[in-house]
Amino acid sequence: MTAAASVGARPVARPKPWPRAFVPLAILVGVALSMACGGGLMGNETHGQMHGRGSQAPQTPVLSSAAETTVEILNFDFIPRDLTVENGSTVTWINRDAAPHDATSDDGTWGTGTLRRDERATLPFDAPGSYSYLCTIHPNMKATLTVV
Ligand SMILES: [Cu+2]
């Protein structure tokens, strides 16, 4: 939000100014983005993507003792983002966004593959550990799964 607004507001401060004809357009875009941010003119999903959200909004860690636990992918975020499950249980990821997502461990040892809207994938976890994972399509979407 801040970066987009400052680019539009101070084009002359850039070391290499954009072509003259492009500056007014940039200002317009900057104003439009600012208005959208403040007025909620666009959906949360688009808004979140524009600002690279995914690991910013606070979330409460979840400890699940269920045999099957679900992680929802919504607004370019994993919910819960910090999940602990019991060894031998399964975790299901469901994509609630229009955009495709996946959940892939940082080390690449497991992953859901690409999930389109309302698609899901269930993975079994039988090795205790803490696994950082991300959406490889939107790498700023990060989360952690801990198996105990
Ligand atoms: Cu994604």
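Conventions used here
Within any chain, residue numbers begin from 1 and follow the written order of that chain's sequence. Per-residue local features are limited, in this predicted model, to residues with pLDDT of at least 70; the limit for side-chain atom pairs, both in listing and counting, is 80 or more; totals at the level of whole chains, interfaces and linings are taken over all residues. Only when DSSP finds a minimum of two bridges between them are two strands counted as paired. In this text, helices come from DSSP runs of H or I with a minimum length of four residues, and strands from runs of E with a minimum of two, each type numbered from the N-terminal end. Here a residue counts as buried when 20 or more other C-beta atoms fall within 10 Å of its C-beta, as exposed when 12 or fewer do, and as partly exposed in between; the C-beta atoms come from the backbone.

Would you explain the sheet that holds strand 4 (residues 82-85) in this entry?
Backbone hydrogen bonds are what pair the strands of a sheet, in a parallel or an antiparallel way. One open sheet holds the five strands; their spatial order is 1-4-9-8-6, and the pairing between them is mixed. On the outer flanks of this sheet lie strand 1 (62-63) and strand 6 (104-105), each paired with one strand and no other. Here strand 1 pairs with strand 4 via two bridges, running parallel. Each residue of the ladder has a partner; that of Val 62, found in strand 4, is Leu 83.

Could you clarify how one ought to interpret the environment of Phe 78 in this entry?
Its location among the elements puts Phe 78 in strand 3 (residues 78-79). A tally of 25 C-beta atoms within 10 Å means that Phe 78 is categorised as buried. For the pair Phe 78 and Trp 93, spaced 15 residues apart in sequence, the C-alpha separation works out to 8.7 Å.

Looking at this structure, I do not really get the sheet that holds strand 7 (residues 120-124). What am I missing?
Across the sheet, which stays open at both edges, the four strands sit in the order 3-2-5-7 with mixed pairing between neighbours. A single partner strand is all that each edge strand has here, and the edge strands are strand 3 and strand 7.

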